[in-house]
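Coordinate analysis (summary)
Each chain, written out:
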Amino acid sequence: MAGSSHDTGSGVGEDKSFRSKQNEDVNKKLKYISLAILVIQNASLILSIRYVRTLPGDRFFATSAVVMAEILKGCTCLLIILFQKRGNLKEFGVLLYNSIVVQYSDTLKLAVPSLIYTLQNNLQYVAISNLPAATFQVTYQLKILTTALFSVLMLRKSLSRVQWVSLLLLFAGVAIVQVQQESGKQKEAAAADPSQSYGKGLVAVVVSCLSSGFAGVYFEKILKGSSASVWLRNVQLGIFGTVLGLLGLWWNDGTAIAEKGFLFGYTPMVWGVILNQAFGGLLVAVVVKYADNILKGFATSFSIVVSTIMSVYLFGFHVDLVFTLGAGLVIGAVYMYSLPKQSVAASSSASTMSHGRSNPGGDSELEAFLSKNSVKEKES
């Protein structure tokens, strides 16, 4: 009997060990899949926007593309919420009414980040239309610097010495790229095309980085402790985003759109850009559950390399030693910043790791919402 009991215990132990190894293998595969998705999404969106904005012929209105992306994203989130409610329209309607109308003060809090995100999306089109894709990708990493500074000022977060050094390297790398672009062949190429203005693109990307940093930190601050799912938050953001986007469309392109139509200049490629912009962010929100912060930092760095290589083949982008040095500093800085902070005190290690894993792009709060959402689904 004793031998039988020993064999049973051994069998259970082996089974647990096998399952643990299986889970590790699955998680490893999911991490690599997540890495591929993050790299493809980061690089393809910028390259595709640059491509469709530099094609000869009728240009679509960027303001209409921003509105269309908000509508598609909002509708997708509504379908996901309906699916979570197992198609029960009554529960679906009650949830939306309570969350959006009854708790209107909570909904109104999202007006500010929604306004900033709408501005940011429009500025991205302006920036990418006037800057080479690789230059935009490198310069846009300044959002890490702005997010870090706003986090310190607004959330009283602390940064490690490695992170401060990485921010200095990031700024230096971007500055080197700008000096190279200002004095190199890219300026001559831009001058050859009167529709492109390097200065206009640079201002747009800097303002976009500032708005991205502030919006991400503000979003995190007002939603701390909230139990709402990421899908519901995106619906709330989408309501304001659509309204504010339509106001921007009317203000900037109202007369032209009234004459030519909302979908003027839309081609299959343009629809691809809009779908990427609408669903890309939601897709990333899902895959970050399986990607740690180091992996996300590596994905961002690798996407810069991919964008640069593709820009050489697609747009004749010129890469020299100075650009390589600047981009290399940015890539290294992004990876360094994503490393978890080391803490000497064991008691504060959990808190330190939490800060170290906060993604400057705003993924940390999405991970929190996704985990809360999955808990709520299990309870229901």
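Treat the numbers as computed from the prediction; the structure is a model and nothing was measured.

1. Some details on the pattern of salt bridges
Counting across every chain of the model gives two salt bridges. Across the salt bridge formed by Lys73 and Glu70, the nearest N and O atoms sit 3.8 Å from each other. Residue Lys73 and its partner Glu70 are located together in helix α2 (residues 62–84), separated by three residues, close to a single helical turn. Across the pair Asp106 and Arg233 runs a salt bridge whose closest N-O atoms are separated by 3.0 Å. Placement of the pair is Asp106 in helix α4 (residues 104–108) and Arg233 in helix α11 (residues 230–260), with a sequence separation of 127 residues. In this structure, Asp106 and Arg233 share a single accessibility class: buried.

2. Side note on the side chain of Ser114
For Ser114, the location among the structural elements is in helix α5 (residues 111–130). Residue Ser114 is classed as buried on the basis of its relative accessible area of 2%. Of the polar contacts made by the side chain of Ser114, one reaches the backbone oxygen of Leu237; its length is 3.1 Å. Setting aside residues no more than four positions away along its own chain, Ser114 makes contact with Leu237, Phe240, Gly241 and Leu244.

3. Details of the UniProt feature "transmembrane region" (unreviewed entry) in the chain
As annotated in UniProt, the feature "transmembrane region" (unreviewed entry) corresponds to residues 30–49, 61–83, 162–181, 201–219, 231–251, 263–288, 295–315 and 321–339 in the numbering used here. For the annotated span residues 61–83, helix accounts for 96% and strand for 0% of the residues, and the straight-line distance between the end C-alpha atoms is 33 Å. In this annotation, residues 231–251 is assigned 100% helix and 0% strand; the end-to-end C-alpha distance for the span is 30 Å.

4. Observations regarding the environment of Tyr218
With respect to the element layout, Tyr218 can be found in helix α10 (residues 198–223). Once the C-alpha coordinates of Tyr218 and Leu110 are considered, the two residues, 108 residues apart in sequence, prove to be 9.4 Å apart. Setting aside residues up to four positions removed in sequence, Tyr218 forms contacts with Lys109, Val112, Pro113 and Met154.

5. Notes on the packing of helix α3 (residues 89–102) against α11
Across the interface, α3 lies against α11 with an axial gap of 11 Å and an inter-helix angle of 55°. As summarised for this structure, α3 and α11 are arranged oblique, according to the angle between their axes. Relative to α11, α3 is oriented so that their crossing is right-handed. When α3 is examined against α11, the residues Leu96, Ser99 and Ile100 are found in contact with a partner set consisting of Leu232, Val235, Gln236 and Ile239. Split into classes, the residues belonging to the contact of α3 with α11 amount to five nonpolar, two polar and no charged.

6. Remarks on the nonpolar core
Counting residues in hydrophobic clusters, the biggest one holds 47 residues, and the most contacted among them are Tyr125, Phe136 and Leu167. Take this core: its biggest share by element is six residues, from helix α14 (residues 321–338). Other than its neighbours up to four places away in sequence, Leu167 contacts Ile144, Leu145, Ala148, Leu159 and Tyr337. If you look at the next biggest cluster of nonpolar residues, it comprises eleven residues, including Phe92, Ile100, Leu232 and Leu282.

7. Observations regarding unusual backbone geometry
Here the phi dihedral of Arg86 falls at roughly 55°; this positive angle occurs in a residue that is not glycine. Its place among the elements puts Arg86 in the loop between α2 and α3.

8. Thoughts on the packing of aromatic side chains
The full count for this structure, using the stated rule, is nine aromatic pairs. Each ring, one from Phe136 and one from Tyr140, has its centre 5.1 Å from the other, and the planes form 15°; the classification is stacked. For Phe136, a relative accessible area of 2% puts it in the buried group. Where Phe150 meets Phe214, the ring centres are 5.6 Å apart and the plane angle is 75°; that geometry is what we call edge-to-face. Of this pair, Phe150 sits in helix α7 (residues 142–154) while Phe214 sits in helix α10, and the two are 64 residues apart along the sequence. For Phe214, a relative accessible area of 28% puts it in the partly exposed group. Three or more aromatic residues link up through ring pairs in this structure, and these residues are Phe60, Tyr125, Tyr266 and Trp271. Here the basic side chain of Arg53 rests over the ring of Phe60, its NZ or CZ set 4.9 Å away from the ring centre.

Reading the values: rules and limits
- Residues numbered from 1 in each chain as written.
- Predicted model: local features only at pLDDT ≥ 70, side-chain atom pairs only at ≥ 80, totals over all residues.
- Heavy atoms only, no water.
- Salt bridge = Lys/Arg side-chain N within 4 Å of Asp/Glu carboxyl O.
- Helix = DSSP H or I, 4+ residues; strand = E, 2+ residues; numbered from the N terminus.
- Buried < 20%, exposed > 50% of the residue type's maximum accessible area, 1.4 Å probe, protein only.
- Polar contact = N/O pair within 3.5 Å; in protein donor to acceptor, adjacent residues only side chain to side chain.
- Contact = heavy atoms within 4.5 Å.
- UniProt positions renumbered as here; feature names shortened; annotations may be inferred.
- Axes fitted to C-alpha atoms, helices over the stretch in contact; angles between N-to-C directions.
- Parallel < 35°, antiparallel > 145°, perpendicular 65-115°, else oblique.
- Left-handed = near helix turned anticlockwise from the far one by under 90°.
- Nonpolar A, V, L, I, M, F, W, Y, C, P; charged D, E, K, R; others polar.
- Core = buried A, V, L, I, M, F, W, Y, C linked by side-chain atoms within 4.5 Å.
- Phe/Tyr/Trp six-rings, centres within 6.5 Å; stacked < 30°, edge-to-face > 60°.
- Lys NZ or Arg CZ within 6 Å of the ring centre and 35° of its normal.

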